[in-house]
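Single-letter residue listing:
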Amino acid sequence: MKLVLGFTVFLLIGFALGNEIFSEETIAAFNFDMGNEMIDEKIASSFNVMDYGAAGNGQVDDSQALEKAWKAACSANVGEGIATLVVPQGKTFLVNPLVFQGPCLAKALHFQLGGTLMAPQSTSWGNGGMGEWIYFQSVDNLILDGHGTIDGRGSNWWQALHFHNCNGLKVKGLTHVDSPRSHISVNGCKNVVLSDLLIKAPEDSPNTDGIDISSSSNVQILDSTIQTGDDCVAINGGSSFIYIDRVNCGPGHGISIGSLGDGTYDTVEEVHVKNCNLTNTQNGVRIKTFQGGSGFARRISFEHILLNNVGNPIIINQFYQDNGRSRPYGIWKKAAAIQVSDVTYSDIRGTSAGDQAINLDCDNVVGCSNIQMRNINIETGVNPHKIHGSCNNAHGTAFDVHPKVPCLS
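As a convention, each chain's residues are numbered from 1 in the sequence order in which they are written. Local features in this predicted model are restricted to residues whose pLDDT is 70 or higher, and side-chain atom pairs enter the listing and the counts only when it is 80 or higher, whereas totals over whole chains, interfaces and linings include all residues. Excluding hydrogens and water, the side-chain figures rest on all heavy atoms present in the structure.

Caption draft 1: Geometry of the overall build of the protein. In DSSP terms, a helix is any run of H or I states spanning at least four residues, a strand is any run of E spanning at least two, and both are numbered starting from the N terminus. Of regular secondary structure, the protein possesses four helices and 30 strands. Within the protein, the fraction of its 409 residues that count as buried is 51%. Within the protein, contacts between residues at least 6 apart in sequence are counted, and of these 75% link residues at least 24 apart. Using the Shrake-Rupley algorithm and a 1.4 Å probe, accessible areas are obtained, with residue cover drawn only from the displayed protein chains. Summed over its atoms, the accessible surface of the protein is roughly 18,200 Å², and 50% of this surface lies on carbon and sulfur atoms. Only protein chains enter the area calculation, which uses a 1.4 Å probe; residues under 20% of their type maximum are buried, those over 50% are exposed, and those in between are partly exposed. The contact criterion used throughout is that any non-hydrogen atoms of two residues lie within 4.5 Å.

Shown next as structure tokens:
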């Protein structure tokens, strides 16, 4: 009896002094409804969409439930903590176009996707002209992760998952399938990490880029597999300090800088691609620019790239044209063009799907400068003796490069 009484007194003193005696975990384990603010804060920091009326059966529209859960999480006062929106696993949530608007009160917001977000097949809903299905705007320190799936179902919107002005963004572990256009687009963001993603769409699906980056800086794309009908990764104008590492690409159109300069001033710099595998892609590592534009693409590197049956393994195309958007021949003679310079290709090996392994087709007036190639060996099983490289108005150096590139010294 004395032992029990003594232990009880010890507990009461411990709760009175808080963390000086007990850890937060111990206090949580012995919660006697004392109204401890720390415990209430932890409970209030998690917002499950099921608690806001979601059905999760893939048939009922759960858009309003997600909107309510988002507003609650975004407006939650959790101090220095993280507000978490939970989309539970084992359930499918049918949602129409949604805008998750910031800024949020919480220092960081965790969107934990365990289940599947599924788009409607109908095109009758309105999207306010936004052209996106799931749109995060002005949400800093957003973490979107889990083992869930974003299923576009081939519906007709422009971009399936779009981030605008979201600094400190982290997207990890998701599966993203069947977007009819870009799967993931990042615009106007800084300090972004996209990792451990699986992105899939049919090989013959047009314009289904895996990841599009524009007007963003300090972006990392890591440890992901991208299999689509267009560019696995496209780096567009206004982007700088982009790092792509350990990405498996194919099928698709390869890893691209551009297209740039479609009648505009575009800049891209400090893009570094390494340790990537490309398999059965229409292109390998590509820089593509329109004629008539202006700006620059510079300080770009492609290193440690493995090719397997890749069409156009290494290509700079400064005469790029969209399919179905042919331009008069005269525009090709304009002096204005994107200036491509300081591009390094190193340790690129494997097989080409055709005879032409390297094609540096640079502008007739501006040209490409300081192109450096070293330790490159590309073969073909089609016509081994006809494998070749070609170039137009490209200037730089080549060391241990097969096939040879005529205009590099």
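Having seen the structure, we can now continue with the description.
Caption draft 2: View of the state of the cysteines. Pairs of cysteine sulfur atoms within 2.5 Å are identified as disulfides in what follows. Tallying each qualifying case throughout the model produces four disulfides. Linked covalently through their sulfurs, Cys 74 and Cys 104 form a disulfide whose S-S length is 2.1 Å. One disulfide, between Cys 74 and Cys 104, carries an S-S torsion of -105° and so falls in the left-handed class. Of this pair, Cys 74 sits in helix α4 (residues 63–74) while Cys 104 sits in the loop between β5 (98–101) and β6 (108–113); the two residues are 30 residues apart in sequence, bridging distant segments of the chain. By the burial criterion, Cys 74 is buried, and Cys 104 matches it.

Caption draft 3: Region of interest: the sheet that holds strand β11 (residues 159–164). We treat two strands as partners when DSSP finds at least two bridges between them. What the eleven strands build is an open sheet, ordered β5-β8-β11-β14-β17-β19-β21-β23-β25-β27-β29; its pairing is parallel. The strands lining the two open edges of the sheet, one partner per strand, are β5 and β29 (388–392). Between one strand and the next, the sheet's axes are offset by a mean angle of 15°, whatever the strand orientation. Bridge analysis of β11 against strand β14 (residues 182–187) gives five bridges, and the strand direction is parallel. Directly across from Leu 161, in β14, lies its bridge partner Ile 184. Orientation is described by axes fitted as lines to C-alpha atoms, over the contacting stretch for helices, and by angles from 0 to 180 degrees between their N-to-C directions. Against the sheet, α4 makes contact with β5 and β8 (132–137), and its axis sits at roughly 5° relative to β5, the strand it touches most.

Caption draft 4: The confidence of the model for the protein, seen in detail. For every residue, the predictor states its confidence as a pLDDT score lying anywhere from 0 to 100. The predicted model of the protein has a mean per-residue pLDDT of 86, with 83% of residues at 70 or higher. This stretch, residues 1–43, has a pLDDT under 50; its non-local contacts, to residues over four places away or in other chains, come to 23 contacts.

Caption draft 5: Region of the structure containing the nonpolar core. Within the largest apolar cluster, 95 residues are counted, with the highest numbers of intra-cluster contacts made by Phe 136, Phe 163 and Tyr 345. If we ignore the near neighbours within four places in the chain, the residues touching Phe 136 are Trp 70, Phe 100, Phe 111, Leu 142, Leu 144, Leu 161, His 162, Phe 163, His 164 and Cys 166. What is meant by a nonpolar core is a set of buried Ala, Val, Leu, Ile, Met, Phe, Trp, Tyr and Cys residues, joined one to another through side-chain atoms within 4.5 Å.

Caption draft 6: Broad picture of the environment of Gln 159. Relative to the assigned elements, Gln 159 resides in strand β11. What makes Gln 159 buried here is its relative accessible area of 10%. Sequence separation of Gln 159 and His 183 is 24 residues, and the distance between their C-alpha atoms is 6.2 Å.

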